[in-house]
Amino acid sequence: MSKLKVIPEKSLTNNSRIVGLLAQLEKINAEPSESDTARYVTSKILHLAQSQEKTRREMTAKGSTGMEILLSTLENTKDLQTTLNILSILVELVSAGGGRRVSFLVTKGGSQILLQLLMNASKESPPHEDLMVQIHSILAKIGPKDKKFGVKARINGALNITLNLVKQNLQNHRLVLPCLQLLRVYSANSVNSVSLGKNGVVELMFKIIGPFSKKNSSLIKVALDTLAALLKSKTNARRAVDRGYVQVLLTIYVDWHRHDNRHRNMLIRKGILQSLKSVTNIKLGRKAFIDANGMKILYNTSQECLAVRTLDPLVNTSSLIMRKCFPKNRLPLPTIKSSFHFQLPVIPVTGPVAQLYSLPPEVDDVVDESDDNDDIDVEAENETENEDDLDQNFKNDDIETDINKLKPQQEPGRTIEDLKMTKIAQDIERLIHQSDIIDRVVYDLDNPNYTIPEEGDILKFNSKFESGNLRKVIQIRKNEYDLILNSDINSNHYHQWFYFEVSGMRPGVAYRFNIINCEKSNSQFNYGMQPLMYSVQEALNARPWWIRMGTDICYYKNHFSRSSVAAGGQKGKSYYTITFTVNFPHKDDVCYFAYHYPYTYSTLQMHLQKLESAHNPQQIYFRKDVLCETLSGNSCPLVTITAMPESNYYEHICHFRNRPYVFLSARVHPGETNASWVMKGTLEYLMSNNPTAQSLRESYIFKIVPMLNPDGVINGNHRCSLSGEDLNRQWQSPSPDLHPTIYHAKGLLQYLAAVKRLPLVYCDYHGHSRKKNVFMYGCSIKETVWHTNDNATSCDVVEDTGYRTLPKILSHIAPAFCMSSCSFVVEKSKESTARVVVWREIGVQRSYTMESTLCGCDQGKYKGLQIGTRELEEMGAKFCVGLLRLKRLTSPLEYNLPSSLLDFENDLIESSCKVTSPTTYVLDEDEPRFLEEVDYSAESNDELDIELAENVGDYEPSAQEEVLSDSELSRTYLP
């Protein structure tokens, strides 16, 4: 048999050289006796792979057979040097090419071939060291890219081969290092992790990492990473706890913390923390951590790390462990049900309210049962699984929210994450330094015999007024108070709306308030929103304004547990804290704090009375009726507004009666007070003397229910009525006994449909706690996620897209409105809401929910501003202007405005509101705070009416408000 001819190198280009060498190697595979030639060819390929990226790229390019040839040779050769050469080539290929080349090797069957090679090599006694190092190094790189690698390794018996190599060669660090790297990959599979644990791998890792020594730090780092992966198995974690390894880990961590003065071994310190994090996922691990004084150890070391920014990962991981191990506290309440009770006339058969009434009186509905098992604290792990990446997005359970628009604006030198860590550390201090905690109750609605403390340095609280919500206050430190909100009546949750009074303060003192029983997983308080404050002393000084107030504001998960009763059957849930700090300007002032600008039922009644008394009955038809009475006997007002007929002539009366209807509603959710401010703007515009408002009245009959949930508003609920149910989820089958306002509002709409007077537009005003700007939800049959009897599919449905017209108009004329935030998807979960029922059952094509931000705007004229009542009222007025434009577009022949006026209006609509206020943008933090005036008067917009010839359909401030704007008193900037 003739020898294969070796092609001289100099006669070939680089490309043809590697191609030629691979071709030779492929032929050699058919000639097993040609081992010398195989060694020579593979050594040449190795040289090219080591020296030229072009060669590496060509061998792993799409369509290249280079990888198959190498793997085939590796599988068939019996020559050790050839094997080592090929393994070295593979190392070069996967080391420089990133994940793509590794994946390429996996797709070519590399994992299985290498595992088989490992098994064959282990049969040698003793195994060849270089061969084992190379095999383990490559497998450690490709294993994470092979989804079935753990199963393949177990089937091939690779687990015990690698483990025994480590056991037998503990002093051979060159061999042990790649073996540990591969053990870490094996451990990603839970079955493998348990199997390795049974064979003593946990004990083996502790032999490597302790006692403290700065020698072989790279080996210790990999061992710690492997240990952290192994301890994610509950079985291994229990084994570690049983052997006292939690105390060992803490001891080693303290040793490294003390000796690593130059912070060169931060990764080792973090590896120890990662192991602690894994072992404390089980109850036994958390108990062992507490018993070993772990809270104090990690707290003290974290405080010492705060001054060094590069040690932030240690602080963050330590904080995560401490929060997880912090003993779950029950809320200091006798029950999570509201402190107020209202007996329902009918008890629902099913649902949360039925469950609430069916609970035996002896059941403790506050206690959390989650720590009675060894389940991982899933919520905590999910929330912070990427704790290294401080730019991570928070989970959001509202699928209509674009989470990317919730990114916080960073304050110079301090991120929201820094602030959270500071606040969490201060909370942890409570457990470590319990003697410093005052823990004195200073306000309590559940205790009828409670007396207000007389000490002069204690703040006094009160919420016993209309729309107030504050249940209990506990003084924690001298100037720090924990506040607990009341549940909605006949409910055990919905803690978001707050409204309370504070007095007895001293100026120049920083008071910290912590509202500790919030439920949502995120809040705009993390993204620039501030609470509101009203000072009586300031009002007496001619400044009767609500202002955005507070510093060091953030929202984070705390250590107070929610019972499964409160969390809808879910265990292990925690409450969240809103924390903010206030410096009061006046001594012994009386101040009020609120989640948003309050708008009470009494304010609405006063507003409607003023509108009624001030209107011109010759010009404006205004009628206030009672839609129905609520559960507690309050009247639900129904307002009708249109233009009076020109005369009593038959044609004028017919035109009067045949105007199309527009049906508006608001405040179904009591805590969304911004909806009432938008409605106030709508009502005042409709009742104004503006010529365009007159045209609007002549075009439509407005039926308006300005407050669908008076009982909830009066009693300080956040979302429910006295029935304990969300009224905006009752529109499909409202009960006349439990949901009278919804029952009669729907009945009125059904009546209008029955007499062929279907409203042209229905809009329900809401507030949104997660998004910025003002936007709409509409209804599109093509974008409906669910379909019923017609079994329609989006591909064969033809729809009239007229429902998009009004939002598009508003996006041009209303500065706060954002078209890109609008959605026309109809989800099955929303099928019982007003928007969907009025669209689907009543047949109103233009059926909307209009959502107004509780925070501010991130686009347009008001970008960077927190929303104020003026902007909200403006939005209500702009909505009216949009309806007038809609009328012109839908009924152009009936619309008889002068042509010059229509041309000007058209220019206005198409101009996209190009005017930008010079006070639009966020100012530096050294700028003064700005005030937001709240005007409760009914006549405020009469002065804002505009001259038709100057700016039809637009909404401009009065001269007085222009002065305020120029002095920047009416703007509150996002911090």
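Please refer to the structure higher up on the page.
Counting starts from 1 at the beginning of each chain's written sequence and moves along it residue by residue. With the structure being a predicted model, the display of local features is reserved for residues of pLDDT at least 70 and the display and counting of side-chain atom pairs for 80 or more, all residues being used for whole-chain, interface and lining totals. By convention in this description, side-chain values take in all heavy atoms of the structure and omit both hydrogens and water.

Considerations on the pairing of strand β10 (residues 574–583)
Burial here depends on accessible area, computed with a 1.4 Å probe over protein chains only, as a share of the maximum for the residue type. Under 20% is buried, over 50% is exposed, and the range in between is partly exposed. What counts as a helix is a DSSP run of H or I of at least four residues, what counts as a strand is a run of E of at least two, and both are numbered from the N terminus. Most of β10 sits inside the fold, with nine of its ten residues counted as buried. Pairing analysis gives seven bridges linking strand β6 (residues 510–518) to β10, with the strands arranged antiparallel. Bridge assignment links Tyr511 to a residue of β10, and that residue is Val582. Note on pairing: DSSP must find at least two bridges between two strands before they are called paired. Pairing of strand β9 (residues 551–561) with β10 involves six bridges; the strand directions are antiparallel. Counterpart to Tyr555 in the pairing with β10 is Ile578.

Points about the packing of helix α2 (residues 35–51) against helix α5 (residues 80–96)
Note on definitions: angles span 0 to 180 degrees between N-to-C directions of axes, and those axes are lines fitted to C-alpha atoms, for helices only across the stretch in contact. For the pair α2 and α5, interaxial distance at closest approach is 9 Å and the crossing angle is 20 degrees. The orientation of α2 with respect to α5, classified from their angle, is roughly parallel. When the axes of α2 and α5 are compared, the crossing they make is left-handed. Packed against α2, whose contacting residues are Ser35, Ala38, Arg39, Thr42, Ser43, Ile45, Leu46, Ala49 and Gln50, the element α5 presents Gln81, Thr82, Asn85, Ile86, Ser88, Ile89 and Glu92 at the interface. If an angle is under 35 degrees, it is roughly parallel; if it is over 145, roughly antiparallel; if it lies from 65 to 115, roughly perpendicular; otherwise it is oblique. It is the rotation of the near helix from the far one that decides the hand of a crossing: anticlockwise by less than a right angle makes it left-handed, clockwise makes it right-handed. When checking whether two residues touch, look at their non-hydrogen atoms; a contact exists if any pair is within 4.5 Å.

Quick look at helix α8 (residues 129–142)
In a regular helix each residue adds 1.5 Å, so 14 residues correspond to 20 Å; α8 covers 20 Å between its end C-alpha atoms and thus fits that length. Counting buried positions over the 14 residues of α8 gives ten, a clear majority of the element. Where α8 is concerned, the buried positions are Leu131, Met132, Val133, Gln134, Ile135, His136, Ile138, Leu139, Ala140 and Ile142. Under the convention used throughout, the expected extent of a helix is 1.5 Å for every residue step, that is, one less than its residue count.

A few points about the packing of aromatic side chains
For this analysis, a ring pair means two rings from Phe, Tyr or Trp (six-membered ring only for Trp) whose centres lie within 6.5 Å, classed as stacked if their planes differ by under 30 degrees, edge-to-face if by over 60, and tilted for the remaining angles. Taken as a whole, this structure holds 29 aromatic pairs when the rule is applied. Pairwise contacts between aromatic rings join Phe461, Tyr481, Phe498, Phe500, Tyr511, Phe513, Phe525, Phe580, Phe584, Phe593 and Tyr595 into one cluster. A ring has a charge above it when a Lys NZ or an Arg CZ is no more than 6 Å from the ring centre and no more than 35 degrees off the ring normal. Sitting above the plane of the Phe775 ring, Lys771 keeps its charged end 4.4 Å from the centroid. When the ring centre of Tyr700 is taken as reference, the NZ or CZ atom of Lys887 above it lies at 5.9 Å.

Points about helix α14 (residues 217–230)
Look at α14: 20 Å from first C-alpha to last across 14 residues, which is about the 20 Å you get at 1.5 Å a residue. Turning to α14, its buried residues are Leu219, Ile220, Lys221, Val222, Ala223, Leu224, Asp225, Thr226, Leu227, Ala228, Ala229 and Leu230. Looking at the buried positions of α14, the neighbouring elements they touch are α11 (173–186), α12 (190–198), α13 (201–209), α15 (234–242), α16 (245–259) and α17 (266–279).

Things to note about the sheet that holds strand β5 (residues 499–503)
If you trace the five strands from one edge of the open sheet to the other, you get β2-β5-β11-β7-β8, paired in antiparallel fashion. Looking at which strands have only one partner, the edges of the open sheet turn out to be β2 (460–462) and β8 (546–548). Mean inter-strand twist for the sheet, computed between neighbouring axes without regard to direction, equals 30 degrees. Both strand β7 (residues 532–535) and strand β11 (residues 590–594) contribute to a ladder of four bridges, which runs antiparallel. Bridged to Met533 within β11 is Phe593.

Let's talk about the pattern of salt bridges
Any two side chains of opposite charge can pair, given that their charged atoms come close. Here, a salt bridge means any Lys or Arg side-chain nitrogen found within 4 Å of an Asp or Glu carboxyl oxygen. Applying the stated rule across the entire model yields 37 salt bridges. For Asp365, the salt bridge is made with Lys337, and the minimal N-O distance between the two is 3.5 Å. Note that Asp365 is positioned in the loop between α21 (352–358) and α22 (378–383) and Lys337 in the loop between α20 (312–325) and α21, a separation of 28 residues in sequence.

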